[in-house]
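# Report on the structure
One letter stands for each residue in the lines below.
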Amino acid sequence: MMPASQLLAFNLLAAAMLVGSVAGFASSARADTAKLVRYGEHLSQECTTCHRRDGVDNGIPSILGMKSEDFEETLKYYKTGARDNPAMVSVAQSLDDDQIKALGAYFATLVPAGK
Ligand code: HEC
């Protein structure tokens, strides 16, 4: 048996290590998201020639603030032809899964004007 004081020190050490690793994980996840969003912003220049940056629907639907899961799913529909708008099919087919994920992360951060 360890003396009580030694046991306490051991527990504190274990707790500190646990907190440290959880905090490290959370901050690296945040850094990854930030990187993804920046990549998506870069890629979005191709999209905003048609989709307006201010969220106004001018005959082309706004994609600002779309939930990233819905966004990814929709682009996959265009990619497979389940949705067959020719402009979007060719856009979606030029993107790989990482790029779709990055674009989804980016557009999800945007809030349409007036909302
Ligand atoms: C040439 C013009 C054009 C470009 C460029 C373009 N889009 Fe589109 N997009 C459209 C049109 C038109 C629609 C509506 C098509 C339909 O009815 O299915 C659409 C629809 C969408 C939708 C579905 C919206 C909804 O509410 O159903 C998403 C998501 C989307 N586009 C994302 C993108 C992304 C991301 C890019 C850039 C990588 C992009 N688009 C580039 C014209 C364009």
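These remarks concern the structure in this document. (Residues numbered from 1 in each chain as written. Predicted model: local features only at pLDDT ≥ 70, side-chain atom pairs only at ≥ 80, totals over all residues. Heavy atoms only, no water.)

## Regarding the packing of helix H1 (residues 4-43) against helix H4 (residues 97-108)
Note the following rule: Here the axes come from fitting lines to C-alpha atoms, over the contacting stretch only for helices, and the angles between their N-to-C directions go from 0 to 180 degrees. Numbering of helices and strands runs from the N terminus, with a helix taken as a DSSP run of H or I at least four residues long and a strand as a DSSP run of E at least two residues long. Each angle receives one of four descriptions, namely roughly parallel if under 35 degrees, roughly antiparallel if over 145, roughly perpendicular if within 65 to 115, and oblique otherwise. The contact rule is simple, with two residues in contact once any of their heavy atoms fall within 4.5 Å. Residues are grouped as follows: Ala, Val, Leu, Ile, Met, Phe, Trp, Tyr, Cys and Pro are nonpolar; Asp, Glu, Lys and Arg are charged; every other residue, Gly included, is polar.
Two elements in contact, H1 and H4, have axes whose closest approach is 7 Å; the angle formed by their N-to-C orientations is 95°. When the interaxial angle is binned, H1 and H4 end up roughly perpendicular. Taken together, the residues of H4 that come into contact with H1 (itself represented by Leu 36, Val 37, Tyr 39, Gly 40, Glu 41 and Leu 43) are Gln 99, Lys 101, Ala 102, Leu 103, Ala 105 and Tyr 106. For the contact of H1 with H4, the class distribution of residues is 8 nonpolar, 2 polar and 2 charged.

## Describing the packing of helix H2 (residues 68-80) against helix H3 (residues 86-93)
Contact geometry for H2 and H3: axes closest at 8 Å, N-to-C directions at 100°. Here H2 is positioned roughly perpendicular relative to H3, judged by the angle of their axes. Residues Leu 75, Tyr 78 and Lys 79 of H2 form the contact with H3, whose participating residues are Met 88, Val 89, Ala 92 and Gln 93. Along the lines of polarity and charge, the residues of the contact of H2 with H3 split into 5 nonpolar, 1 polar and 1 charged.

## Observations concerning the site of the ligand
To keep it simple, the criterion reads: Proximity criterion: a residue is near a molecule or strand once any of its heavy atoms comes within 4 Å of it.
For the ligand, the set of nearby residues contains 20 residues, the closest of which are Cys 47, Cys 50, His 51, Tyr 78 and Met 88. Sort the elements by how many residues they give to the shell around the ligand and H2 lands first, with 4 residues. Within the shell around the ligand, the residues separate by chemical class into 14 nonpolar, 4 polar and 2 charged.

## A look at the nonpolar core
Operational definition: By nonpolar core is meant a set of buried Ala, Val, Leu, Ile, Met, Phe, Trp, Tyr and Cys residues that side-chain atoms within 4.5 Å join together. For every residue, the accessible area obtained with a 1.4 Å probe (protein chains only) is divided by the maximum for its type, and the residue is called buried under 20%, exposed over 50%, and partly exposed between those limits.
Grouped together as the largest cluster of nonpolar side chains are 18 residues, with contacts concentrated most on Phe 71, Leu 75, Tyr 78, Leu 95, Leu 103 and Phe 107. Mapped by element, the contributors of at least two residues to this core are H1, H2, H3 and H4. Among the elements that take part in this core, H4 stands out by supplying 6 residues, more than any other.

## Considerations on the coordination of the iron atom of the ligand
Applicable threshold: Sites may look incomplete, because water is not among the atoms used; the donor set itself consists of N, O and S atoms within 2.8 Å of the metal (3.2 Å for Na, K and Ca). In these descriptions, tetrahedral denotes four donors with every angle between 85 and 135 degrees, square planar four donors and octahedral six donors with opposite donors over 155 degrees apart and the rest between 65 and 115, and irregular any other case.
Protein coordination of the iron atom of the ligand is provided by His 51 (NE2) and Met 88 (SD), with donor distances spanning 2.0 to 2.1 Å. Taken together, the 6 donor atoms surrounding the iron atom of the ligand define angles of 86 to 178° at the centre, an arrangement classified as octahedral. Remark: Met 88 occurs in helix H3 and His 51 occurs in the loop between H1 and H2; sequence separation between them is 37 residues. Take His 51: its relative accessible area is 10%, and that puts it in the buried class. Note on Met 88: relative accessible area 18%, which makes it buried.

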